[in-house]
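Reading the structure
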Amino acid sequence: MTSRRKTQAASADTQPAPCALVFQGGGALGAYQAGAYAAMDEADVRPQWVAGVSIGAINSALIAGNAPEKRVERLREFWELVSSQPAQQLPLWWGTRILQNQFSAQAAMLSGIPGFFKPRQDFSLLLGGNAPLLSYYDTTPLKETLERLVDFDRLNADREALRFSVGAVDVCSGESRYFSNDDAKRPISSAHVMASGALPPGFAPVMVEGRQYWDGGVVSNTPLSEVLDKRNRSEPWVIYQVDLFNSRGPMPTTLSGVMERQKDIMYASRTDINTQMATQTQPLMEALTRLLDRLPASLQKDADVLLLRRRLDEAPVQIRQLIYRDKPTDLDSKDYEFSRASMIEHWDAGHADMRRALKHPKDPEDMPAGVSACEPGQTGCP
């Protein structure tokens with residue numbers, strides 16, 4: 001697999017601090033992110049910021065809301081819980097993997113996912129689109145799971161050591177908003193995390209601070225721009241962007257493949273755009289710096305020149321991107337197929353990709369200063 005981007009990386013023992021983890025939404029594929037964090041934990045690489053959307057928000061909360069030595073344990077507990085119903089734990093000899101995956105996904109739709117969501121028992125659903133409801137499923141089980149596995153007091157108290165951000169979309173204004181633990185007057189609760197994962201029409205909007213919010217992926221399925229915009233620009237950052245949908249892929253040959261490819265493109269959403277914008281901006285900033293240096297001395301103290309120099313005086317950023325790569329048995333239901341076998345495969349794939357990203361950095365000699373990206377299978381991207 002070849003990269004469409006040049007690469008720059010720093011090994012775990014030389015990487016500049018601080019570092020951030022950016023988690024995309026992707027439902028059942030989120031076990032890939034959990035495995036990636038487990039590899040970071042083994043390498044003793046500690047993030048200073050975790051930001052997520054949808055399932056990425058849940059994984060981020062499980063990390064930020066627990067002591068470092070408990071984080072992987074809590075991630076494992078969550079992913080074993082949501083893959084624990086009987087239809088998700090069929091023995092490998094029971095039919096083909098594709099058949100098992102189909103059965104698991106159908107079971108999720110019909111009976112829900114333990115500790116996550118359950119079908120609404122409401123006769124008004126017989127009215128179809130005229131039903132006076134806002135979702136097909138009830139996420140009360142997720143609230144109970146989050147409040148059991150996440151210490152929100154710790155998450156809010158540790159804002160200096162570990163920043164936490166989750167993205168959601170205001171249902172009425174259509175505007176994207178990020179909730180962060182950096183505001184002591186607005187503490188993060190389970191509602192903020194659930195709002196980030198309230199994907200319609202499956203899940204109902206969640207009330208936060210008097211407004212109703214849906215899944216952040218409705219607007220953008222990655223919180224990368226939030227980290228790039230709100231980071232401390234005087235410090236160098238390493239951003240590990242762990243994505244679950246790949247915008248690049250083969251031409252589909254079946255109707256199921258069409259739906260899967262459409263979903264990949266839709267939910268990869270702004271990931272490539274945000275990364276490309278950051279990468280393309282750097283040469284322009286360098287050119288502007290050279291231009292300012294050529295201005296006569298009489299203009300060097302001009303207020304506009306000083307403003308530009310302050311904006312240009314930024315430490316470099318490295319974006320190291322890992323993207324989940326589809327397996328032959330993946331279907332268009334891969335984001336709600338929670339079988340134990342698939343969960344373990346996703347976890348192991350994330351673990352392996354992050355280990356490679358940390359252990360085998362690319363040669364940075366041919367890269368311009370500033371923003372960069374690295375590749376998955378060797379370090380992450382397609």
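Okay, so let's go over this structure.

Criteria and thresholds
Residues numbered from 1 in each chain as written. Predicted model: local features only at pLDDT ≥ 70, side-chain atom pairs only at ≥ 80, totals over all residues. Heavy atoms only, no water. Helix = DSSP H or I, 4+ residues; strand = E, 2+ residues; numbered from the N terminus. Buried < 20%, exposed > 50% of the residue type's maximum accessible area, 1.4 Å probe, protein only. Contact = heavy atoms within 4.5 Å. Areas by Shrake-Rupley, 256 points an atom, 1.4 Å probe, with all protein chains shown as cover. Salt bridge = Lys/Arg side-chain N within 4 Å of Asp/Glu carboxyl O. 1 Å grid on protein atoms, 1.4 Å probe; cavity = no way out; pocket = protein on both sides within 12 Å on 5 of 7 lines; lining within 4 Å. Points joined across faces, edges and corners; volume = space filled by probe spheres on them. Patch = residues over 30% accessible without salt bridge, like charges linked within 9 Å, V, L, I, M, F, W, Y side chains within 5 Å. Axes fitted to C-alpha atoms, helices over the stretch in contact; angles between N-to-C directions. Parallel < 35°, antiparallel > 145°, perpendicular 65-115°, else oblique. Left-handed = near helix turned anticlockwise from the far one by under 90°.

Turning our eyes to something else, we now look at the overall build of the chain. Within the chain one finds twelve helices and eleven strands. Within the span of the chain, comprising 382 residues, buried residues form 53% of the whole. Of the contacts made within the chain by residues no fewer than 6 positions apart, 75% connect residues no fewer than 24 positions apart. Working note: accessible area of the chain is about 17600 Å², and carbon and sulfur atoms make up 56% of it.

Looking along the chain, the bond that leaves Pro200 and enters Pro201 is cis, with omega of -5°. The residue Pro201 is located in the loop between helix H7 (190-196) and strand S7 (206-208) in this model. Its identity is not glycine, yet Asp44 carries a phi of approximately 60°, on the positive side. Mapped onto the elements, Asp44 comes out in the loop between helix H1 (31-42) and strand S2 (49-52). Assessed through its relative accessible area of 54%, Asp44 is described here as exposed. Located in the positive-phi region is Glu209, a residue other than glycine, with phi close to 55°. As for its position among the elements, Glu209 is in the loop between S7 and strand S8 (211-215). Take Glu209: its relative accessible area is 40%, and that puts it in the partly exposed class.

Locating His192 in the fold gives a position in helix H7. For His192, a relative accessible area of 6% translates into the label buried. Beyond its immediate sequence surroundings of up to four residues, His192 is in contact with Val166, Phe179, Pro187, Val208 and Glu209.

This brings us to the pattern of salt bridges. One pass over the structure, following the stated rule, counts 22 salt bridges. One salt bridge connects Glu209 with Arg177, and the closest N-O pair in it is separated by 2.8 Å. On the criterion of sequence distance, the pair formed by Glu209 in the loop between S7 and S8 and Arg177 in strand S6 (residues 176-180) is long-range, its members being 32 residues apart. Glu209 is paired through a salt bridge with Arg186; the nearest N and O atoms lie 3.9 Å apart. One end of the pair, Glu209, is in the loop between S7 and S8; the other, Arg186, is in the loop between S6 and H7, with 23 residues separating them in the sequence. Among the residues examined, Arg186 registers a relative accessible area of 44% and is labelled partly exposed. Counted as one network, the salt bridges with shared partners bring together Lys70, Glu73, Arg74, Glu77 and Arg148.

Okay, the layout of surface pockets next. The computed volume of the largest pocket comes to approximately 800 Å³. Residue lining of the largest pocket: 33 residues in total, with Leu199, Gly202, Tyr267, Asp335 and Tyr336 positioned closest to the centre. When residues of the lining of the largest pocket are traced back to their parent elements, those giving at least two are helix H2 (55-64), helix H4 (97-111) and helix H9 (255-268). Top element by residues in the lining of the largest pocket is H9. It accounts for five residues.

All right, on to a nonpolar patch on the surface then. Together, Trp93, Trp94, Leu99 and Phe103 line one region of the surface with nonpolar side chains, adding up to about 460 Å² of accessible area. Considering the arrangement of structural elements, one finds Trp93 in the loop between helix H3 (71-81) and H4. On the accessibility criterion, Trp93 (70% relative accessible area) is exposed.

With that out of the way, let us pick up the packing of H3 against helix H5 (residues 140-149). The N-to-C vectors of H3 and H5 enclose an angle of 160°; their axes lie 11 Å apart at closest approach. The pairing of H3 with H5 is recorded here as roughly antiparallel in orientation. Once H3 is placed against H5, the crossing between them reads as right-handed. Seen from H3, the contacting residues are Arg74, Glu77, Phe78 and Leu81; seen from H5, they are Leu142, Thr145, Arg148 and Leu149.

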